[in-house]
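Listed here are the chains, written in short residue letters.
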Amino acid sequence: MVPSSNIEKRSAATGALKFVKDNSTIGLGTGTTTHYFILGLAELVKQGLNVKCMASSIDTAKKAMSLGITVIDSYPDKLDAYFDGADEVEPGGSLIKGGGGALTREKILAYNSREFNVMVDSSKVKEKLGIFGVPIEILSFGINFTISNIERIGGKCSLRSGFASDNGNPLIDCYFGDIDNPALLESMIKKIPGVVEVGIFNGMTKRIFQGKGKEYILKEV
Ligand code: 5RP
């Protein structure tokens with residue numbers, strides 16, 4: 001039997017696919033929800049949709065190419081849209097991302113897209129961010145300094161053991177309890193030398209596609 005969260009991931013992806021425009025350039029996220037989006041996109045491409053994609057991870061690029069989707073490395077303008085999952089989403093559209101460790105490339109693509117469409121199953125929807133923790137990509141150099149500085153502002157951090165991002169960097173997961181002000185916490189962490197990127201995404205989300213069984217709910221932020 002397919003777990004209900006997977007059914008909802010697919011429902012959310014089905015909703016988001018309706019917002020892919022012909023002759024557009026889009027960003028592809030990373031993870032199991034995006035997996036359903038890529039499968040659906042490949043079907044649309046087979047039916048004649050013309051789309052160029054930038055991938056947020058090596059894994060996503062390989063998957064998309066293997067299904068016949070055109071993947072590009074760079075683009076001279078903003079992407080038309082970015083499509084990705086999330087680990088947590090709150091009513092204002094702020095997100096926790098990075099469960100799959102691709103947060104830096106994901107944030108680059110989200111920031112450089114005209115719109116960001118988030119696809120989630122209902123377990124990801126929260127009143128406040130925080131339970132999942134905050135994934136943070138950091139440099140190996142000075143790693144103990146960086147972790148101590150994050151702990152000084154209230155994080156309890158653990159190293160994701162045996163993991164390196166596509167950029168070759170370690171990742172830590174830090175717990176701050178309920179996050180009342182995601183924008184403030186994001187900027188406090190980003191100021192710490194050695195931090196490459198923070199898995200808090202603020203002010204980027206345009207639409208949230210939330211799976212609800214075999215249907216989806218669309219929320220405009
Ligand atoms: C990867 C991510 C993913 O979007 C996030 O972890 C959600 O993953 P999934 O769709 O597998 O639940 O941020 O870095």
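Keep in mind it's a predicted model, so treat the numbers as computed, not measured. (Residues numbered from 1 in each chain as written. Predicted model: local features only at pLDDT ≥ 70, side-chain atom pairs only at ≥ 80, totals over all residues. Heavy atoms only, no water.)

J.: Help me understand the overall build of the protein, please; the structure alone is not making it clear to me.
T.: The number of helices and strands found in the protein is 6 helices and 14 strands. Its C-alpha atoms give the protein a radius of gyration of 17 Å, within 12% of the compact-globule value 17 Å for 221 residues. For the protein, the C-alpha atoms occupy an extent of roughly 55 × 35 × 35 Å along the three principal directions. Contacts in the protein between residues far apart in sequence, at least 24 positions, make up 73% of those at least 6 positions apart. (Helix = DSSP H or I, 4+ residues; strand = E, 2+ residues; numbered from the N terminus. Rg over C-alpha atoms; globule rule 2.2 N^0.38 Å. Contact = heavy atoms within 4.5 Å.)

J.: What is the right way to look at the sheet that holds strand 5 (residues 88-89) in this model?
T.: Note: strands within a sheet are paired through backbone hydrogen bonds, in either parallel or antiparallel orientation. Strand order in the open sheet formed by 3 strands is 5-6-12, and the pairing between neighbours is antiparallel. Lying at the two open borders of the sheet, with one neighbouring strand each, are strand 5 and strand 12 (200-201). In this structure, strand 6 (residues 95-96) lies alongside strand 12, joined through 2 bridges in antiparallel fashion. Counted as the bridge partner of L95 is F201 from strand 12. (Pairing = 2+ DSSP bridges.)

J.: Would you mind going over the site of the ligand with me for this structure?
T.: Surveying the vicinity of the ligand reveals 17 residues, the closest of which are T32, T33, D87, K97 and K124. G101 places a main-chain nitrogen or oxygen 3.4 Å from an oxygen atom of the ligand. Taking E106, its side chain carries an N or O atom lying 3.1 Å from an oxygen atom of the ligand. In the complex, the protein chains occlude 92% of the 370 Å² of accessible area that the ligand would expose alone. Among the residues forming the shell around the ligand, the class breakdown is 2 nonpolar, 9 polar and 6 charged. (Near = heavy atom within 4 Å. Polar contact = N/O pair within 3.5 Å; in protein donor to acceptor, adjacent residues only side chain to side chain. Areas by Shrake-Rupley, 256 points an atom, 1.4 Å probe, with all protein chains shown as cover. Nonpolar A, V, L, I, M, F, W, Y, C, P; charged D, E, K, R; others polar.)

J.: Can you walk me through the domain arrangement of the protein in this structure?
T.: Size of an interface, as often reported, equals the accessible area lost when the parts are brought together. The domain boundaries assigned to the protein delineate domain 1 (4-124 + 202-213) and domain 2 (134-198). For domain 1 versus domain 2, the separation of C-alpha centres amounts to 24 Å. On the domain 2 side, the residues contacting the 14 residues of domain 1 number 16 residues. Between domain 1 and domain 2, the buried area comes to about 1200 Å², and carbon and sulfur atoms account for 51% of it. (Domains from an automatic or database assignment. Buried area = accessible area lost by both parts, 1.4 Å probe.)

J.: I keep staring at helix 1 (residues 4-17) and nothing clicks. Help me out?
T.: Count 3.6 residues to each turn of an α-helix, and residues three or four apart come out pointing the same way. Helix length check: helix 1 (14 residues) gives 20 Å between terminal C-alpha atoms against 20 Å at 1.5 Å per residue, within 8%. Within the sequence span of helix 1, burial applies to E8, K9, S11, A12, A13, G15, A16 and L17. (Expected span 1.5 Å × (residues − 1). Buried < 20%, exposed > 50% of the residue type's maximum accessible area, 1.4 Å probe, protein only.)

J.: Please clarify how the side chain of R207 should be interpreted in this entry.
T.: Residue position: R207 is located in strand 13 (residues 205-212). At 2.7 Å, the side chain of R207 and the side chain of E115 are in polar contact. Among all residues touching R207, those that are not within four sequence positions of it are F19, E115, F116, N117, V118, L218, K219 and E220.

J.: Can you help me understand the environment of G48 in this one?
T.: Relative to the elements of secondary structure, G48 occurs in the loop between helix 2 (32-46) and strand 2 (51-55). For G48 and L103, which are 55 residues apart along the polypeptide, the C-alpha to C-alpha distance reads 31 Å.

J.: Even after reading the chapter, I still don't get the packing of helix 1 against helix 2, so can you show me in this structure?
T.: The geometry of a pair of packed helices is captured by two quantities: the angle between their axes and the separation between those axes. Running from N to C, helix 1 and helix 2 cross one another at 45°; their axes reach a closest spacing of 8 Å. One way to sum up the angle between helix 1 and helix 2 is to call them oblique. As helix 1 runs across helix 2, the sense of the crossing is right-handed. Here N6, K9, R10, A13, A16 and L17 of helix 1 come into contact with helix 2, specifically with T32, T33, Y36, F37, G40, L41 and L44. Of the residues in the contact of helix 1 with helix 2, the class split is 7 nonpolar, 4 polar and 2 charged. (Axes fitted to C-alpha atoms, helices over the stretch in contact; angles between N-to-C directions. Parallel < 35°, antiparallel > 145°, perpendicular 65-115°, else oblique. Left-handed = near helix turned anticlockwise from the far one by under 90°.)

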